[in-house]
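The lines below spell out each chain.
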Amino acid sequence: FAVTVGWSIYAQRRAARDADDLTNGLVPIALKLGQLRATQTTLSTLVDGIPDERDPLSARLLLGTLVNVRHVKLLETRAAIVSLTQSGSVSTQLIAHDLLTDIDTIGAAIDTDRNQLDKLFAAMESADKDGVNRELVTLGALEHADDGVIHQMSDKVQAAMDTLSESSEKRTVRSIWALAL
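Residues numbered from 1 in each chain as written. Predicted model: local features only at pLDDT ≥ 70, side-chain atom pairs only at ≥ 80, totals over all residues. Heavy atoms only, no water.

### Here's the deal with the overall build of the chain
Regarding its fold elements, the chain presents four helices and zero strands. The C-alpha atoms of the chain give 23 Å as radius of gyration, which overshoots the globular expectation for 181 residues (16 Å, by more than 25%). Projecting the C-alpha coordinates of the chain onto the three principal axes gives extents of approximately 80 × 25 × 20 Å. Out of the 181 residues in the chain, the part that is buried amounts to 36%. When contacts within the chain are restricted to residue pairs at least 6 apart in sequence, those whose partners lie at least 24 apart make up 79%. With an accessible surface of roughly 10,000 Å², the chain has 60% of that area assigned to carbon and sulfur atoms. (Helix = DSSP H or I, 4+ residues; strand = E, 2+ residues; numbered from the N terminus. Rg over C-alpha atoms; globule rule 2.2 N^0.38 Å. Buried < 20%, exposed > 50% of the residue type's maximum accessible area, 1.4 Å probe, protein only. Contact = heavy atoms within 4.5 Å. Areas by Shrake-Rupley, 256 points an atom, 1.4 Å probe, with all protein chains shown as cover.)

Structure representation (C-alpha cells):
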C-alpha cells in the first residue's frame, strides 16, 4: 500500500508540474505568438492591398507603425520563451530552447523586411511605379513567408501543449486508479 500511495503522490506532483508548465510557460507563449501572428498577418494583407494611387506618407505611417508593433510583439514572445527556458521541467526547457531558435530565425527574417520597406518607401517617394511594384512583389513574398514561419511555430507550441496535457491527464488517471485498486 505504501508503494502505491508513494507512486500516486509522485504522479500527482508530476501532473501538477505539467499543469504549471502549461499555465506559466506554454500558454503565455501561445498567446504572445497569437498576437505576433495577428500583427504579421495584418502587415502581409496591407502590403498586398496597397493601392496604385499611393500616398507615401500615409503608407509609411501605417506600415511603419505595424512594423514597430510587430517588433514589440516579437520581443515579448522572445521574453516569454526565455522565461520558460529558465523554469519548468527539463522536457519543457528543451522545447523552449527549440522555440528560442525559431523566434531568433523569425527576428532575422523580419530585419530583412525592414530593408525592403525602406526600398519601397524610397520608390514611392520618387514616384517610380515600376520600382514600387517590384518592391511590393518582393516585400509581399517576404511578409507571407514570415507569416508561414510564425504559423509553423504556433503549431509547434500547440502540439507541445497537447502532448503535455495528454501525458498529465494519463498520469492523473493512473494515479487515481492505483489508489482505488
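### Some details on the nonpolar core
Core analysis: the biggest nonpolar cluster contains 21 residues, and Leu26, Ile29, Leu33, Ile81, Ile103, Ile106 and Met153 have the highest contact counts within it. Of all the secondary structure elements, the ones that give two or more residues to this core are α1 (2–48), α2 (56–85), α3 (90–125) and α4 (129–180). Among residues more than four places away in sequence, those in contact with leucine 26 are Asp21, Leu84, Ile95, Val157, Ala160, Met161 and Leu164. Within the second largest apolar cluster, 15 residues are counted, among which are Ala59, Leu63, Leu117 and Met124. (Core = buried A, V, L, I, M, F, W, Y, C linked by side-chain atoms within 4.5 Å.)

### Quick word on the environment of serine 167
As for its position among the elements, serine 167 is in helix α4. Separated by 153 residues in the primary sequence, serine 167 and arginine 14 place their C-alpha atoms 9.9 Å from one another. A polar side-chain atom of serine 167 sits 3.1 Å from the main-chain carbonyl oxygen of leucine 164. (Polar contact = N/O pair within 3.5 Å; in protein donor to acceptor, adjacent residues only side chain to side chain.)

### Some remarks on α3
Helix length check: α3, at 36 residues, gives a terminal C-alpha distance of 53 Å against a target of 52 Å (1.5 Å per residue), a fit within 8%. Just downstream of α3, alanine 127 is the residue with a positive phi angle, here 60°. (Expected span 1.5 Å × (residues − 1).)

### What to know about the environment of aspartate 155
Tracing the backbone shows aspartate 155 in helix α4. C-alpha of aspartate 155 to C-alpha of threonine 172: the two residues are 17 residues apart in sequence and 26 Å apart in space.

### Describing the side chain of threonine 77
If you trace the backbone, threonine 77 turns up in helix α2. Leaving out residues up to four positions away in the same chain, threonine 77 has contacts with Lys32, Leu33, Leu36 and Ile103.

### Things to note about unusual backbone geometry
Most peptide bonds are trans, and most residues other than glycine sit at a negative phi. One non-glycine residue, alanine 127, adopts positive backbone phi at about 60°. Take alanine 127: it is sitting in the loop between α3 and α4.

### Some details on the packing of α2 against α3
Two elements in contact, α2 and α3, have axes whose closest approach is 9 Å; the angle formed by their N-to-C orientations is 170°. Relative to α3, α2 is oriented roughly antiparallel. Relative to α3, α2 is oriented so that their crossing is left-handed. A per-class count over the contact of α2 with α3 returns 18 nonpolar, seven polar and seven charged. (Axes fitted to C-alpha atoms, helices over the stretch in contact; angles between N-to-C directions. Parallel < 35°, antiparallel > 145°, perpendicular 65-115°, else oblique. Left-handed = near helix turned anticlockwise from the far one by under 90°. Nonpolar A, V, L, I, M, F, W, Y, C, P; charged D, E, K, R; others polar.)

### Regarding the pattern of salt bridges
Pairing between side chains of opposite charge can happen when the charged atoms of each approach one another. Counted under the stated rule, the structure contains eight salt bridges. Ionic pairing is found between arginine 60 and glutamate 125, a salt bridge with its closest N-O pair at 3.1 Å. Of this pair, arginine 60 sits in helix α2 while glutamate 125 sits in helix α3, placing them 65 residues apart in sequence. You can call arginine 60 partly exposed: its relative accessible area is 34%. (Salt bridge = Lys/Arg side-chain N within 4 Å of Asp/Glu carboxyl O.)

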